[in-house]
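Structure assessment
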Amino acid sequence: MSPEPARRQPVPPSMVLRPEEIERFDRGNGVVTVPFVGKWNCEGNEVTTGMTVFSPGTGIPLHSHNVEETVLVFEGEATAVVGDDEFDLVAGQATWVPAGVPHCFRNRGAGTMTIYWVYGGRDVTRTITATGETFEHLSNSDRGAGPVRPSDSATPA
């Protein structure tokens, strides 16, 4: 038998990203983001990526971005709100949302829901639909996760 090959890392600027080694961004109320690729760790990146983990009954308020976004439901059950439509999604299903279109994701299941997201840009902003407030993605102002309130259709979480 031959010995196991040594664990290698890609040649910079390429990276291997291991979620257990990445500092989490606590969005509040049981929602945590694991930032993968962004201007914080890549010079010249053209996409921004990461995962967000939602506890049961949580979500992020209806919002839009200055760039397009695709979201893959990695684990669990989600309700995606895109524009005026709502869709129930399960692991393995994905969305694509053009820049400027209001959207959000809510955990509709009894267990954890995890999404993997990709933004089509380096300088990403979030605009909260209810208030019009715009701020930099993953800045201190970008926390605002909360419990889902299905009866409050004006501000889905």
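A brief look at the structure comes next. Counting of residues starts from 1 at the beginning of each chain's written sequence and follows it residue by residue. Residue-level local features of this predicted model are given only where pLDDT is at least 70; pairs of side-chain atoms are given and counted only at 80 or more, and the full residue set underlies all totals for whole chains, interfaces and linings. Neither water nor hydrogens contribute to the side-chain values; these are computed over all heavy atoms in the structure.

1. Focus: the overall build of the chain
Inclusion rule: Under the scheme used here, helices are H or I runs from DSSP no shorter than 4 residues and strands are E runs no shorter than 2 residues, and both carry numbers assigned from the N terminus. The buried label applies to any residue whose accessible area, calculated with a 1.4 Å probe on protein chains only, is under 20% of its type's maximum; exposed applies above 50%, and partly exposed to all values in between. Throughout, a contact is declared for two residues whenever any of their heavy atoms are within 4.5 Å. To measure how exposed things are, a 1.4 Å probe is used in the Shrake-Rupley method; for residues, cover is taken only from the protein chains shown.
Counting secondary structure elements, the chain contains zero helices and 14 strands. Listing the helices and strands of the chain from first to last along the sequence gives β-β-β-β-β-β-β-β-β-β-β-β-β-β. Counting the 157 residues in the chain, one finds 39% classified as buried. Of all intrachain contacts in the chain linking residues separated by at least 6 positions in sequence, the fraction that spans at least 24 positions is 63%. When the accessible surface of the chain is split by element, carbon and sulfur atoms take 53% of a total near 8,800 Å².

2. Observations concerning the sheet that holds strand E9 (residues 94–97)
Rules: What makes two strands pair is DSSP finding at least two bridges between them. Angles run from 0 to 180 degrees between N-to-C directions of axes, and those axes are lines fitted to C-alpha atoms, restricted for helices to the stretch in contact.
Read from one edge of the open sheet, six strands run E1-E2-E3-E11-E6-E9, paired in antiparallel fashion. Two strands in the sheet have a free side with no partner beyond their single neighbour: strand E1 (25–28) and E9. When strand polarity is set aside, the average angle formed by the axes of neighbouring strands in this sheet is 20°. The pairing of E1 with strand E2 (residues 31–35) spans three bridges and is antiparallel.

3. Here's the deal with the nonpolar core
Heads up, the condition is: In plain words, nonpolar cores are sets of buried Ala, Val, Leu, Ile, Met, Phe, Trp, Tyr and Cys residues tied together by side-chain atoms within 4.5 Å.
Of all hydrophobic cores here, the largest spans 18 residues; its most connected members are Phe54, Leu89, Phe105, Ile115 and Trp117. When contributions to this core are tallied by element, the ones reaching two or more residues are strand E6 (69–75), strand E7 (77–82) and strand E11 (113–119). A total of four residues in this core trace back to one element, the largest contributor, which is E11. Not counting chain neighbours up to four residues away, the residues in contact with Trp117 comprise Thr33, Thr48, Thr49, Gly50, Met51, Thr52, Glu69, Thr70, Val71, His137 and Leu138. One finds Ile22, Phe36, Val37 and Cys42 within the second-largest nonpolar core, a separate group that totals six residues.

4. Things to note about the pairing of E11
Burial runs high along E11: five of the seven residues are buried. Pairing analysis gives seven bridges linking strand E3 (residues 48–54) to E11, with the strands arranged antiparallel. Following the sheet pairing, Thr52 is matched in E11 by Ile115. Both E6 and E11 contribute to a ladder of six bridges, which runs antiparallel. Residue pairing in the sheet places Val71 in a bridge with Trp117 of E11.

By themselves, these figures tell us nothing about what the structure is for.
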